[in-house]
There are 2 protein chains.
Amino acid sequence: MNSKVKLLLISNTYAYGGGFLSHAKDEIKSFLSGIDSLLFIPYALKDRDEYEDIARAYFKNLGISLNSIHKFEYPKKAVSEAKSIYIGGGNTFRLLKELYDLDILDDLKSAILKGVPYMGSSAGIHMVTPTMRTTNDMSIVEPPSLDAMGILNFQINPHFIDADPKSKYMVETREKRLEQYHEDNDYLVLGLREGAWVRIENSKIKLGGKHGAKVFQKGKQPKEYKADSYIKLPVE
Amino acid sequence: MNSKVKLLLISNTYAYGGGFLSHAKDEIKSFLSGIDSLLFIPYALKDRDEYEDIARAYFKNLGISLNSIHKFEYPKKAVSEAKSIYIGGGNTFRLLKELYDLDILDDLKSAILKGVPYMGSSAGIHMVTPTMRTTNDMSIVEPPSLDAMGILNFQINPHFIDADPKSKYMVETREKRLEQYHEDNDYLVLGLREGAWVRIENSKIKLGGKHGAKVFQKGKQPKEYKADSYIKLPVE
């Protein structure tokens, strides 16, 4: 991994009982310290203006001014001039489709590889992994491809949830779905429980927040990681 | 809807505590009465031989001999000669991709429009709706399109589940997902709870099994249907 890359990838935009990104406030403050402006990408939700307002109020409180990309006439220029970037949660298919339609995936990738700090929550996480094939979202629209930026060389499953042995609901457990993913794909998958995040700086992956993570590697037993530990991939 | 079309669309392949299609046995028996052979399409699961064995044992018990399409050298011929067709559950993306790769979607559509009885459970349901945009499955592989046969002019969401007000899990409820679907699409969606099925004959849609269904129409309040009632669409 390029050592300039700075990522903060948060499993969920809203934690139970909390407001917009409230559970990750201290981490976000530290991650963006010294930065006074942020480019927000609201395309995972339909009402972009409302989403912008919510995000603006949050970042204003941290002393960071926010501009939403949907208000720019030239989105490519907005990306190239951004001092930091945040892509919020919502529907991953809708989000990726819009990034393809605007033709800004490569611009985002260049910015991130140059060291512009990138934050993503939920759907926003999938944009920096190789593909969006480990999303939990419903395929309500059709992006031209499920390939994403591939800044990371592994997949993430946000909102990872352990099987409930008492459940009578008969769809596949998350673990079963990731097993099915590995029947047809090779990338390792980091299952990030709600309340958890990973911060990636200097090529190191640090797990933060609550509830930990579980790493799924094809043909191996899943491996559990606790909050505040470093994750070394591939698992040995 | 073409009045020759005969469909039996079952929300789940396995019901809680039951075996393969055991919850729908009487309905399947009645739907396929007078038919002695069935073409099985196992592509939603990776292990096709194992899936074939499970399905064969089930249908043998009903006096119906089963041939699985993956054993045929010419799948198009298998479809054109089928007396009845069943597509089983699993991962919908994998299933649709395989039907595109084999180029048999049009053949299946012709057969069904000519009156060959079609059964689909879970993933198999999505094949006869306009698209697979209302699946619950993980996008583990990438079909060339999410468009399906469009025998029906509405969508179905199998394994429909009502929101649990006590849940602390922060992903979108199913109802919220279908609301997001309607932000970008117009087709009505029939949310078929587990244990439920619809049988469509003579252009009539009869809801069977347990737990009923909920119909979601863009810009309207959802409407509840009880088992054994007829569903008239669009909802007035």
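Residues numbered from 1 in each chain as written. Chains lettered and ligands numbered in written order. Predicted model: local features only at pLDDT ≥ 70, side-chain atom pairs only at ≥ 80, totals over all residues. Heavy atoms only, no water.

Under the annotation held in an unreviewed UniProt entry, chain A carries the name Dipeptidase E.

Helix and strand counts for chain A stand at seven helices and eleven strands. Taken over the C-alpha trace, chain A has a radius of gyration of 17 Å; the compact-globule value for 236 residues is 18 Å, and the two agree within 12%. Dimensions along the principal axes, computed over C-alpha positions, put chain A at roughly 50 × 35 × 35 Å. For chain A, the proportion of its 236 residues judged to be buried stands at 56%. Counting contacts in chain A only where the partners sit at least 6 residues apart, residues at least 24 apart contribute 68% of the total. Taken as a whole, chain A presents about 10200 Å² of accessible surface, with 47% of it coming from carbon and sulfur. (Helix = DSSP H or I, 4+ residues; strand = E, 2+ residues; numbered from the N terminus. Rg over C-alpha atoms; globule rule 2.2 N^0.38 Å. Buried < 20%, exposed > 50% of the residue type's maximum accessible area, 1.4 Å probe, protein only. Contact = heavy atoms within 4.5 Å. Areas by Shrake-Rupley, 256 points an atom, 1.4 Å probe, with all protein chains shown as cover.)

With that settled, consider the sheet that holds strand S8 (residues 196-201) of chain A. Residue and element names in this part refer to chain A. Here we have seven strands laid out as an open sheet, ordered S3-S2-S4-S5-S1-S8-S9, and mixed in their pairing. At either margin of the open sheet sits one strand with a lone partner, and together these are strand S3 (65-68) and strand S9 (204-209). Sheet twist, expressed as the mean angle between neighbouring strand axes with direction ignored, is 20°. Examined bridge by bridge, strand S4 (residues 85-87) and strand S5 (residues 118-121) share three bridges and lie parallel to one another. Looking at the pairing, Tyr86 lines up with Met119 of S5. (Pairing = 2+ DSSP bridges. Axes fitted to C-alpha atoms, helices over the stretch in contact; angles between N-to-C directions.)

Residue and element names in this part refer to chain A. With an omega dihedral of -10°, the bond running from Leu233 to Pro234 counts as a cis peptide bond. Mapping Pro234 onto the fold places it in the segment after strand S11 (223-225). Its identity as a non-glycine residue notwithstanding, Asn202 has a phi of 50°, on the positive side. Within the secondary structure layout, Asn202 lies in the loop between S8 and S9.

Each partner contributes to the interface: chain A provides 42 residues, whereas chain B provides 42 residues. The contact between chain A and chain B buries some 3600 Å² in all, and 52% of this surface belongs to carbon and sulfur atoms. In this structure, the connection of chain A to chain B is made through eight salt bridges. Here A:Glu142 makes a salt bridge to B:Arg133, at a shortest N to O gap of 3.6 Å. Counting across the chain A and chain B interface gives 24 residue pairs in polar contact (both at pLDDT 80 or more). (Buried area = accessible area lost by both parts, 1.4 Å probe. Salt bridge = Lys/Arg side-chain N within 4 Å of Asp/Glu carboxyl O. Polar contact = N/O pair within 3.5 Å; in protein donor to acceptor, adjacent residues only side chain to side chain.)

A word on the pattern of salt bridges. This model, assessed by the stated rule, comprises 42 salt bridges over all chains. Put simply, A:Asp184 and B:Arg94 hold a salt bridge, and the shortest N to O gap is 2.9 Å. Highlighted residues: A:Asp184 in helix H7 (residues 174-184) and B:Arg94 in helix H4 (residues 92-102), drawn from two different chains. In this structure A:Asp184 comes out as partly exposed when scored by relative accessible area, which is 26%. Its relative accessible area of 7% is what places B:Arg94 among the buried residues. Between A:Arg193 and A:Glu224 there is a salt bridge whose closest N-O contact spans 2.8 Å. Note that A:Arg193 is positioned in strand S7 (residues 189-193) and A:Glu224 in strand S11, a separation of 31 residues in sequence.

This next bit is on helix H5 (residues 105-113) of chain B. All names here are of chain B. Regarding H5, the residues found buried are Leu105, Leu108, Ala111 and Ile112. For H5, the arc enclosing every buried residue in end-on projection is 130°, short of the 170-degree limit, so these residues lie on one face. Where the residues of H5 are buried, they touch strand S1 (7-10), strand S2 (37-41), helix H3 (75-80), strand S4 (85-87), H4 and strand S5 (118-121). Gly115 lies just past H5 and shows a positive phi near 110°. (Arc of directions from axis to C-beta.)

Okay, the relation of the copies chain A and chain B next. Put simply, the two copies of the chain differ by a rotation about an axis and a shift along that axis. Screw-axis analysis of chain A against chain B gives a translation of 0.0 Å along the axis, an RMSD of 0.0 Å, and a rotation angle of 180°. The relationship between the two copies is best expressed as a two-fold rotation axis. (Least-squares fit on C-alpha atoms with pLDDT ≥ 70 in both.)

With that settled, the discussion passes to the pairing of S5(A). Residues and elements named next belong to chain A. Residue alternation in S5 divides its side chains into two sets, Tyr118 and Gly120 and Met119 and Ser121, and both sets are buried. As paired elements, strand S1 (residues 7-10) and S5 share four bridges and run parallel to each other. From the neighbouring strand, Leu7 faces S5, where its bridge partner is Tyr118.

The next subject is the side chain of A:Arg193. Residues and elements named next belong to chain A. For Arg193, a relative accessible area of 10% puts it in the buried group. Polar contacts involving the side chain of Arg193 include one to the main-chain carbonyl oxygen of His211, which spans 2.9 Å. Arg193 has contacts with Ser11, Phe160, Asp162, His211, Gly212, Ala213, Lys214 and Glu224, leaving out every residue within four places of it along the chain.

We now examine the packing of aromatic side chains. Here the structure, examined in full by the defined rule, presents 19 aromatic pairs over all chains. With a centroid separation of 5.1 Å and 80° between ring planes, the pair formed by A:Tyr58 and A:Phe59 is classed as edge-to-face. Both residues of the pair, A:Tyr58 and A:Phe59, count as buried. Summarising the aromatic geometry, the rings of B:Phe20 and B:Tyr51 are spaced 6.4 Å apart at their centres and angled 85° between planes, so their arrangement reads as edge-to-face. Residue B:Phe20 is found in the loop between S1 and helix H1 (25-31), and its partner B:Tyr51 is found in helix H2 (residues 48-61); the two are separated by 31 residues along the sequence. On the basis of relative accessible area, B:Phe20 is assigned to the buried category, the value being 8%. Linked through ring pairs, A:Tyr14, A:Phe20, A:Phe40, A:Tyr51, A:Tyr58, A:Phe59 and A:Tyr86 together constitute an aromatic cluster. (Phe/Tyr/Trp six-rings, centres within 6.5 Å; stacked < 30°, edge-to-face > 60°.)

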